[in-house]
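Breakdown of the fold
In case you want the letters, here they are:
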Amino acid sequence: MTLQQEIVGNAMQMAVVNLSPGQTVYCEAGKFLFKTANVTMETRLSGPSGGGGQQQGGSGGMGGLLRQAMGTAMQVGQRMLAGESLAFQYFTAQGGEGTVGFAGVLPGEMRALELDGTRAWFAEKDAFVAAESSVEFGIAFAGGRTGMSGGEGFILEKFTGHGTVIIAGAGNFIDLNPADFGGRIEVDTGCVVAFEEGIDYGVQRVGGLNRQGIMNAVFGGEGLSLATLEGNGRVILQSLTIEGLANALKKAQGGDKQGPTGGLFSTHAG
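In this report, the structure presented in the accompanying data block is examined.

Let us now look at the overall build of the protein chain. Each helix and strand in the protein chain was counted, giving 4 helices and 18 strands. Long-range pairs, those at least 24 residues apart, make up 78% of the contacts in the protein chain between residues at least 6 apart in sequence. As displayed, the protein chain has an accessible area near 13,300 Å², and 55% of this comes from carbon and sulfur atoms.

Looking now at the sheet that holds strand β2 (residues 14–19). An order of β1-β2-β7-β4 is seen for the 4 strands of this open sheet, with the pairing classed as antiparallel. Each end of this open sheet is capped by a strand with a single partner; those strands are β1 (4–8) and β4 (32–35). Between one strand and the next, the sheet's axes are offset by a mean angle of 20 degrees, whatever the strand orientation. Across 3 bridges, the pairing between β4 and strand β7 (residues 98–103) is antiparallel. Bridging across to β7, phenylalanine 32 finds its partner in phenylalanine 102.

Where burial is concerned, most of strand β15 (residues 192–196) is hidden: 5 out of the 5 residues are buried. Sheet topology places strand β9 (residues 121–124) next to β15; 3 bridges connect them, and they run antiparallel. The residue of β15 that forms the bridge with tryptophan 121 is glutamate 196.

Tracing the backbone through its elements, the reader meets glycine 190 in the loop between β14 (184–187) and β15. Separated by 51 residues in the primary sequence, glycine 190 and threonine 241 place their C-alpha atoms 5.2 Å from one another.

Mapped onto the elements of the fold, threonine 241 is located in the loop between β18 (235–238) and α4 (242–252). Given a relative accessible area of 16%, threonine 241 falls into the buried group. Setting aside chain neighbours within four positions, we find threonine 241 in contact with Asp188, Gly190 and Cys191.

Reading guide: rules and limits
- Sequence order sets the numbering: in each chain, residues are counted from 1 along the sequence as written.
- Predicted model: local features are reported for residues with pLDDT of at least 70 only, side-chain atom pairs are reported and counted for 80 or more only, and whole-chain, interface and lining totals are derived from all residues.
- To obtain the side-chain values, all non-hydrogen atoms of the structure were used and water was disregarded.
- The way it works is that DSSP assigns letters per residue, a run of H or I at least four long becomes a helix, a run of E at least two long becomes a strand, and they are numbered from the N terminus.
- Contact definition: two residues touch when any of their heavy atoms are within 4.5 Å.
- Accessibility throughout is a Shrake-Rupley quantity obtained with a 1.4 Å probe, and a residue counts as covered only by protein chains that appear here.
- Strand pairing is assigned whenever DSSP detects at least two bridges linking the two strands.
- Geometry is summarised by axes, namely lines fitted to C-alpha atoms with helices restricted to the contacting stretch, and by angles between N-to-C directions that run from 0 to 180 degrees.
- Type-normalised accessible area, obtained with a 1.4 Å probe on protein chains alone, sets the label of each residue: buried when under 20%, exposed when over 50%, and partly exposed for intermediate values.

Structural data, given as structure tokens:
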């Protein structure tokens, strides 16, 4: 069943979802805005891949309950490692059609992605807003050793299955395909919102350990790493990074932590 949704607004968009009777949508805790009275709300630790999309029956006995508990614990552990919310909120329309509203946490755009079961989607942490219960939410790791040292981009959200998933980012979005640019693009690690399965995602150092490489890292404002995206598929980038927003707010408050050089000398919350 297709999720009927509309993304409204400009600087701070929201998604208004219309549910058919019995239809369920779930969101990350903290992304819910409003609902009609006939929509029930339930908070669970498990995602759909762990039975969160539907209530599990009592079949399987104690072994089944133990496996379910272990699966939920693994999901929660992964989300803790990724810095994600520990719980999901599930909304189901009862006795008729219902409406639910969701939004991201930063000023910016939202996008509805349609999964047909053939390709997964990957997104930066905190991009997920809401999805149909037929869409599974997971955690993926990418970028290798450089990704770990690069900070952003190493831990990703992964969406599989069939149905609609809604994501959010900061600023404005642009859709690109690396195949249209020689097969590879290099971007600020904080600008990547999401990309399709089939795109090879990594993190590389900015230049070598020479004079120009050090100048790029120290004075260029990018630090030591750039994200690389290769292949043929859809990539969504955002125009505003969380670090850039944080530094702008600190500067406006008279507490500029970036200093005159940016780059390696920049500090930000988190």
